[in-house]
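Here are the chains, one letter per residue:
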Amino acid sequence: MGAVLLVASAAAVAAVVVTGLVRAGRREAQAEKARLAEETRRQARRSLEAVWTMDGREFEEYIAQLCRRDGCTDVKRVGGAGDLGADVIGRLPDGRKIVIQCKRYAKHRTVGSRDIQTFNGTARAEHGADVPVFVASCVFTDPARKFAARQHLTLIDVNLLGFWNSGTTLTSFLDLDIGRSGTNRRLHPDDD
């Protein structure tokens with residue numbers, strides 16, 4: 001009887017230890033996954049160092065070049081005084097008209113709801129956009145993201161821009177749920 005009790009006690013202890021190890025392993029795996037995701041975001045942002053040295057016109061041409069790389073046609077940089085919110089216009093590979101507003105800001109700034117609302121008022125009505133896209137070298141505020149989600153605007157912030165720059169295609173960003181994706185946390189000027 002004592003031997004059975006001893007074996008049962010040992011089995012219970014072993015089960016508790018194994019369960020603890022499994023849980024610790026899961027926590028460690030989740031932490032590693034989060035660390036790798038953050039490192040990927042940092043790498044994407046680091047690849048944009050040249051963006052923060054560009055002026056507005058160079059940034060618009062850079063975005064136009066990314067569009068051309070991804071198979072867009074009839075791509076033109078049209079930004080300038082009186083552009084009514086259109087800096088780059090072209091056609092997606094499937095033929096839909098894309099109108100892009102570009103904001104090359106310092107990485108510690110944000111784009112607010114007012115800028116998004118202004119763009120929304122002109123992208124479709126003035127330029128006939130099938131797909132309005134707002135690209136920024138910083139992040140969007142939470143109200144800007146929520147407004148854009150309600151209006152079906154595509155927002156590409158500094159993190160997504162890093163991925164676009166690194167080879168992710170433009171069309172990959174068009175169906176993202178921008179109301180829930182990304183971050184509205186300002187980057188520190190010295191962040192990687």
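Keep in mind it's a predicted model, so treat the numbers as computed, not measured. Along each chain, residues carry numbers from 1 onward, in the same order as the chain's sequence is written. Selection of residues for local features in this predicted model requires a pLDDT of at least 70, selection of side-chain atom pairs for listing and counting requires 80 or more, and totals for whole chains, interfaces and linings are taken over all residues. Calculation of side-chain values draws on the structure's entire complement of heavy atoms; hydrogens and water are dropped beforehand.

### Quick word on the pattern of salt bridges
Thinking step 1. Each reported salt bridge corresponds to a side-chain nitrogen of Lys or Arg within 4 Å of a carboxyl oxygen of Asp or Glu. Taken as a whole, this structure holds seven salt bridges when the rule is applied.
Thinking step 2. Ionic pairing is found between Asp 94 and Arg 96, a salt bridge with its closest N-O pair at 2.9 Å.
Thinking step 3. Classification of Arg 96 by relative accessible area gives partly exposed; the value is 36%.
Thinking step 4. Its salt-bridge partner being Arg 145, residue Asp 157 comes within 2.7 Å of it at the nearest N-O pair. With Asp 157 in the loop between β7 (154-156) and α5 (158-165) and Arg 145 in helix α4 (residues 142-151), the pair connects residues that are 12 residues apart, well separated along the chain. Only protein chains enter the accessibility calculation, which uses a 1.4 Å probe; a residue whose area is less than 20% of its type maximum is buried, one above 50% is exposed, and one in between is partly exposed. Think of it this way: any DSSP run of H or I at least four residues long counts as a helix, any run of E at least two long counts as a strand, and we number them from the N terminus.

### Regarding unusual backbone geometry
Thinking step 1. Positive phi, normally seen in glycine, also occurs at Asp 74, with a value near 50°.
Thinking step 2. Mapped onto the elements of the fold, Asp 74 is located in strand β1 (residues 73-77).
Thinking step 3. Asp 74 sits in the exposed class, given a relative accessible area of 54%.

### What to know about the confidence of the model for the protein chain
Thinking step 1. For the protein chain, the average pLDDT comes to 83, and 84% of its residues sit at 70 or higher.
Thinking step 2. Across the chain, each position has a pLDDT score giving the predictor's confidence in that residue, from 0 to 100. Of all secondary-structure elements in the protein chain, the lowest mean pLDDT belongs to helix α1 (residues 2-46), at 70, while strand β2 (residues 88-91) reaches the highest, 97.

### Here's the deal with the environment of Leu 155
Thinking step 1. With respect to the secondary-structure elements, Leu 155 resides in strand β7.
Thinking step 2. The exposure class of Leu 155 is buried, given its relative accessible area of 2%.
Thinking step 3. Residues Leu 155 and Val 139 lie 16 residues apart in sequence; the distance between their C-alpha atoms is 9.4 Å.

### Concerning the nonpolar core
It is characteristic of soluble globular proteins that their nonpolar side chains tend to be buried jointly.
Thinking step 1. Definition used in this section: a nonpolar core is a set of buried Ala, Val, Leu, Ile, Met, Phe, Trp, Tyr and Cys residues joined via side-chain atoms within 4.5 Å. With 29 residues, the main nonpolar core has Ile 63, Leu 161 and Trp 164 as its most contacted residues.
Thinking step 2. Those elements that place two or more of their residues in this core are α2 (56-69), β3 (97-103), β5 (131-136) and α5.
Thinking step 3. Broken down by element, the residue count for this core peaks at six residues, all from α2.
Thinking step 4. Setting aside residues no more than four positions away along its own chain, Leu 161 makes contact with Leu 48, Phe 59, Tyr 62, Ile 63, Leu 66, Val 135, Ala 136, Ser 137 and Ile 156.
Thinking step 5. Formed by 18 residues, the second largest nonpolar core is a distinct cluster that contains Val 111, Ala 136, Phe 140 and Leu 155. By the convention used here, residues are in contact when the closest approach between their heavy atoms is within 4.5 Å.

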